[in-house]
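Coordinate inspection notes
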Amino acid sequence: MSEPDRITLHATWRRLAQQYEWKLVEDEERFLDLAATEARALTSGKASDYARIAIWRAYSTLLYRGLWQRENRAAQEIWLMCARMALRDGFAPAEAEELAQETVTRALAKLHDVRAPQSMITWVLTILRTVRRERRQQAQHEQSLAADEQEPAHEPSDPTDLTQTVEQRVIGAALQAELRTALPNNLEREVLLRVVVWDDRPRDVARDLGLPLHRTRLAKHRALNRLRNNPAFLQVLSHIAGDVPPNQH
């Protein structure tokens, strides 16, 4: 890389290291070499964008290695990052700490699922979003039960409701399996799932993935185009929706 690029990477590293209290880097020059390699693999974006993404991906590799080696510092940094994000999203300090701990626990248990060490931080943030969503759903459920206890008894719920819930879960699993085949690009598939299926905001997805907003929008656009031009997937989708039997033309 040219000297200005190296300077940009160095300044970006210092800023992010201070912001997130990153302390796993022992050899700064070697780490910047790793970040430079990541930066060269990026094909678009402003210098400040690809410097931030390159540092993000390079440090993800260090965190991944640290977790594999069960280094306390690596787990502590992930815990701290998750706790701060939960606080920013409005959770009380005690709840934020619990969310962070649950995220770290799940990350350690599923570490073998990480295919690219450079995506470690993004992967952890995805787990945090899942834990966060579950906690909010649990709180809503508890509030609903408390409200029911204060109201007169209602008629028992329709048993078909449970059947519908199970069917929805089966359909969701089937849809994700088909998407893995139709969209081999991990980024396109993840962006499509989160924006279209899980109804996440593109800006939140971009932030969690450490990418510029236009990159996530482009990934969504490409994913939708691939699916529109995939007759096999469209047929499966029609079958899931109950329009036609499978393999019927």
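Residues numbered from 1 in each chain as written. Predicted model: local features only at pLDDT ≥ 70, side-chain atom pairs only at ≥ 80, totals over all residues. Heavy atoms only, no water.

1. Thoughts on the overall build of the chain
Quick reminder of the rule: By the criteria applied, helices consist of DSSP H or I runs no shorter than four residues and strands consist of E runs no shorter than two, each listed in order from the N terminus. In this analysis, two residues are considered to be in contact whenever any of their non-hydrogen atoms come within 4.5 Å of each other. Under the convention used here, a 1.4 Å probe and the Shrake-Rupley method define accessible areas, while residue burial counts only the protein chains that appear.
Looking only at helices and strands, the chain has 11 helices and 0 strands in total. Ordered by position in the sequence, the α and β elements of the chain form the string α-α-α-α-α-α-α-α-α-α-α. Considering only residue pairs separated by 6 or more positions, the chain has 63% of its internal contacts joining residues 24 or more positions apart. Total accessible area computed for the chain in this model is approximately 15300 Å², and 51% of it derives from carbon and sulfur atoms.

2. Some details on the pattern of salt bridges
Our working rule: When a carboxyl oxygen of Asp or Glu is within 4 Å of a side-chain nitrogen of Lys or Arg, the pair counts as a salt bridge. Note on classification: 1.4 Å probe, protein chains only; a residue is buried when its accessible area is under 20% of the maximum for its type, exposed when over 50%, partly exposed between these limits.
Summed over all chains, the structure comprises 12 salt bridges. A salt bridge links R84 to E21; the shortest N-O distance between them is 2.4 Å. A residue pair is termed long-range when its members are at least 10 positions apart, and R84 in helix 4 (residues 72-88) and E21 in the loop between helix 1 (3-20) and helix 2 (28-40) qualify at 63 residues. Since its relative accessible area comes to 33%, R84 is described here as partly exposed. Salt-bridge contacts for E77 lead to R73; the nearest nitrogen and oxygen are separated by 2.9 Å. One end of the pair, E77, and the other, R73, are both in helix 4, 4 residues apart, so they sit about a helical turn from each other. Each of R6, E29 and D33 takes part in a single network of salt bridges with overlapping partners.

3. Topic: the packing of aromatic side chains
Ring pairs (aromatic) are described by centroid distance and by the angle formed between their planes. We count it as follows: Two aromatic rings from Phe, Tyr or Trp, using only the six-membered ring of Trp, form a pair when their centres are within 6.5 Å; if the ring planes differ by under 30 degrees the pair is stacked, by over 60 it is edge-to-face, and anything between is tilted.
Within this structure, the stated rule accounts for 9 aromatic pairs. Geometrically, the ring pair formed by W13 and F31 is tilted, given 4.7 Å between the ring centres and 50° between the ring planes. A residue pair is termed long-range when its members are at least 10 positions apart, and W13 in helix 1 and F31 in helix 2 qualify at 18 residues. Judged by relative accessible area, W13 falls into the buried class, the value being 5%. With a centroid separation of 5.9 Å and 80° between ring planes, the pair formed by Y20 and W56 is classed as edge-to-face.

4. Some thoughts on the packing of helix 4 against helix 5 (residues 93-109)
For the record, the criterion: Note on method: axes are straight lines fitted to C-alpha atoms, helices fitted across the in-contact stretch only, with angles between N-to-C directions ranging 0 to 180 degrees. Here the angle decides the label: under 35 degrees means roughly parallel, over 145 means roughly antiparallel, 65 to 115 means roughly perpendicular, and every other value means oblique. If you view the pair so one helix is near and one far, a crossing is left-handed when the near helix is turned anticlockwise from the far one by less than a right angle, and right-handed when it is turned clockwise. Residues are grouped as follows: Ala, Val, Leu, Ile, Met, Phe, Trp, Tyr, Cys and Pro are nonpolar; Asp, Glu, Lys and Arg are charged; all remaining types, including Gly, are polar.
Relative to each other, helix 4 and helix 5 sit at 135°, their axes nearing to 8 Å. By the criterion of interaxial angle, the relationship of helix 4 to helix 5 is oblique. Crossing handedness for the pair helix 4 and helix 5: right-handed. Between helix 4 and helix 5, the residues in contact are A75, I78, W79, C82, A83, A86 and L87 and P93, A96, E97, L99, A100, Q101, T103 and V104, respectively. Each residue belonging to the contact of helix 4 with helix 5 can be placed in one class, and the counts come to 12 nonpolar, 2 polar and 1 charged.

5. Brief notes about helix 10 (residues 213-228)
Applied cut-off: Take the number of residues in a helix, subtract one, and multiply by 1.5 Å to get its expected span. Arc definition: it is the arc formed by the directions from the helix axis to the C-beta atoms.
Helix length check: helix 10, at 16 residues, gives a terminal C-alpha distance of 23 Å against a target of 22 Å (1.5 Å per residue), a fit within 8%. Among all positions of helix 10, only L213, T216, A219, A223 and L227 are buried. Each buried residue of helix 10 lies within a common arc of 125° when the element is viewed along its axis, so the set occupies one face. Set apart from the buried face of helix 10 by more than 90 degrees, the exposed residues are R217 and R228.

6. A few points about the nonpolar core
For clarity, the threshold we go by: To define a nonpolar core, start from buried Ala, Val, Leu, Ile, Met, Phe, Trp, Tyr and Cys residues and group those joined through side-chain atoms within 4.5 Å.
Among the nonpolar cores identified, the biggest contains 56 residues, and W13, W22, F31, I55, Y59 and M120 are the most heavily contacted of them. By residue number, the principal contributor to this core is helix 3 (residues 47-68), which donates 12 residues. Once you skip the residues sitting within four places of it in the chain, M120 turns out to touch S60, L63, Y64, L67, I78, L111 and V114. In terms of nonpolar packing, the next biggest core, distinct from the first, is built from 8 residues, L179, A223, L227 and F233 among them.

7. Here's the deal with the environment of K220
Along the polypeptide, K220 turns up in helix 10. For the pair formed by K220 and E188, sequence separation is 32 residues and the distance between their alpha carbons is 5.9 Å. Aside from chain neighbours lying at most four places away, what touches K220 is V191, V195 and V196.

8. Concerning the environment of A35
Mapped onto the elements of the fold, A35 is located in helix 2. Taking relative accessible area as the criterion, A35 reaches 0% and is therefore assigned buried. Considering only alpha carbons, one finds A35 and L9, 26 residues apart in sequence, at a separation of 7.5 Å. A35 has contacts with L9, A54, I55 and A58, leaving out every residue within four places of it along the chain.

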